[in-house]
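What follows is each chain in one-letter form.
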Amino acid sequence: KMLRQYPQVSAVIKGYPDDRGSIETKQRLSEKRAEAVCTELVHHFGIDPHRVSPKRFGPSQLMASDPTAEERRINRWIEAVLTAPVPPPMTMAESD
């Protein structure tokens with residue numbers, strides 16, 4: 001909703017894997033997860049593709065360590081970091 005409502009906002013979509021598999025597999029899965037969200041934002045919600053970019057992360061930021069099956073599910077997550085341009089500060093003349 002934020003991306004549709006505020007066209008000046010951009011997003012980095014970060015994908016995270018669980019702890020299973022090789023480092024390469026985890027990197028590929030986290031990249032695919034982030035890319036899938038970016039694709040959905042572009043194709044389903046009409047967001048300009050230049051405003052969203054995927055970023056992958058390995059298992060370095062797990063939510064649960066030594067996880068059970070349920071906790072592994074929690075470790076597979078997406079984070080969206082939104083960025084908006086900051087307007088220049090007002091001058092004294094503009095504030096009157």
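Look up: the structure comes first, before these words.
Everything in this summary refers to the structure shown in the same document.

About the criteria used
Residues numbered from 1 in each chain as written. Predicted model: local features only at pLDDT ≥ 70, side-chain atom pairs only at ≥ 80, totals over all residues. Heavy atoms only, no water. Pairing = 2+ DSSP bridges. Helix = DSSP H or I, 4+ residues; strand = E, 2+ residues; numbered from the N terminus. Right-handed = clockwise from strand over helix to strand, strands pointing away. Buried < 20%, exposed > 50% of the residue type's maximum accessible area, 1.4 Å probe, protein only. Lys, Arg positive; Asp, Glu negative; His and termini not counted. Salt bridge = Lys/Arg side-chain N within 4 Å of Asp/Glu carboxyl O. Contact = heavy atoms within 4.5 Å.

Comments concerning the pairing of strand β2 (residues 52-56)
Consideration 1: Where strand β1 (residues 10-16) meets β2, five bridges bridge the pair, whose relative direction is parallel. When the bridges of β2 are listed, I13 appears paired with P54.
Consideration 2: Crossover handedness for the path β1 to helix α2 (residues 23-43) to β2: right-handed.

Remarks on the side chain of K14
Consideration 1: Mapped onto the elements of the fold, K14 is located in strand β1.
Consideration 2: No salt bridge is formed by the buried K14; its nearest oppositely charged neighbour, E79, is found at 4.2 Å.
Consideration 3: If near-sequence neighbours (up to four positions away) are discounted, K14 is found in contact with A34, K55, F57, W77, I78, E79 and V81.

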